[in-house]
Amino acid sequence: LKVKEGFNLGTLCVIDKKPRKLQPKQIEILKYLSDILIDQMELRLAARTAIYQQNNVLSVAAHDLKTPLTLISAWAELAKISKKDPDSVDKMCDEIKRAAGKLNIMVNDLLEKARQEAGNVQLRLNKVEFSTLVEQVVKTNEVLAKNKNITLETNLVDNPVINGDNDRLIEIVDNLINNAIKYSPPGKKISTTIHEHNKFAVLEVTDEGQGLNDEDKKNIFQRFARLSSVPTGGESSTGLGLSIVRSLVEAHNGEVTAESKGKNEGSKFTVRIPVLEG
């Protein structure tokens, strides 16, 4: 029994009580039966693979949808508290609207996400001012940081222009900042820096959280990776966020790396994406 790739799986045997000599027609029938068996095995494997890929797509979608849903809930609670301050309520409503818009984009892009799972990320490329985009993403995460008494600092040294997909770049930055908030203890600081170096736009997200051990560093960008760190505020984690970051960064011809001196020493995630020349 040999699959299309040429691997031998085993044999198809016919057993009787006494020796017999097979006729050519009987040998042909056995070969036909073996082909049927291989076809059935490959069909079953294809079905299982399809189910696995579908579950992956649903897991990614669920992960991506959690953050804006959490933001909408948090801003709504703050709006109730601040209802006597119309200016503050207007600002919070704008943030709720922005988060709802992000949800709409994610729902519309579920089919595209399925392509991403197959390793074929579809990008809608435009000129993007990276620092401007990062600054907006930091603002949308301020309420989550405030709820954990975490300080968000932004250092925009340059404003490099890159040829990128605005929505996918938002996913990259949002995942990194949201992860830093999720795994940082209350009272800590998260710093986001943008600068240009050697024709690359460089984003650095540095936290004072739980850090990474050697095993974490090996697996951190793997799908469904389970690391030694745990969320500090009871948040949930599917182990998908950083793998999404890597696939989207690589789709932009960039790279993402993670650094840490060890456990409880904080972490720094660095994204490098080529700047738009000319």
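All values derive from a computational prediction rather than experimental measurement.

(A) Structural detail: helix α6 (residues 166-183). Over its 18 residues, α6 runs 26 Å from end to end, which matches the ideal 26 Å to within 8%, given 1.5 Å per residue. At the N-terminal end of α6, a side-chain oxygen is found 3.1 Å from the backbone nitrogen of D167, two or three residues along, and the residue is D165.

(B) Spatial organisation of the packing of aromatic side chains. Counted by the stated rule, this structure contains one aromatic pair. Ring centres 6.4 Å apart and planes at 90° place the aromatic pair F221 and F269 in the edge-to-face group. With F221 in the loop between α7 (214-219) and α8 (241-251) and F269 in strand β7 (residues 267-274), this residue pair connects regions lying 48 residues apart in the sequence. On the basis of relative accessibility, which here comes to 10%, the residue F269 falls in the buried class.

(C) Broad picture of the nonpolar core. With 43 residues, the main nonpolar core has F130, L176 and L203 as its most contacted residues. Per-element tally for this core: the top contributor is α6, with seven residues. Each residue touching L203, except ones within four places of it in the same chain, is listed here: F130, V134, V173, L176, T192, T193, I194, F269, T270 and V271.

(D) Focus on the sheet that holds strand β5 (residues 200-207). Judged by pairing direction, the sheet is mixed, and its five strands sit side by side in the order β2-β4-β5-β7-β6 without closing on themselves. Of all the strands in the sheet, just β2 (151-156) and β6 (255-259) have a single pairing partner and so form its edges. Strand-to-strand twist across the sheet, computed as the mean angle between neighbouring axes with direction ignored, equals 15°. When β2 meets strand β4 (residues 189-197), the two strands line up parallel, connected through six bridges. When the sheet's bridge partners are listed, T151 is paired in β4 with K189. Packed on one face of the sheet, helix α4 (residues 130-140) meets β2, β4 and β5 and runs near 170° to β4.

The rules behind the values
- Residues numbered from 1 in each chain as written.
- Predicted model: local features only at pLDDT ≥ 70, side-chain atom pairs only at ≥ 80, totals over all residues.
- Heavy atoms only, no water.
- Helix = DSSP H or I, 4+ residues; strand = E, 2+ residues; numbered from the N terminus.
- Expected span 1.5 Å × (residues − 1).
- Polar contact = N/O pair within 3.5 Å; in protein donor to acceptor, adjacent residues only side chain to side chain.
- Phe/Tyr/Trp six-rings, centres within 6.5 Å; stacked < 30°, edge-to-face > 60°.
- Buried < 20%, exposed > 50% of the residue type's maximum accessible area, 1.4 Å probe, protein only.
- Core = buried A, V, L, I, M, F, W, Y, C linked by side-chain atoms within 4.5 Å.
- Contact = heavy atoms within 4.5 Å.
- Pairing = 2+ DSSP bridges.
- Axes fitted to C-alpha atoms, helices over the stretch in contact; angles between N-to-C directions.

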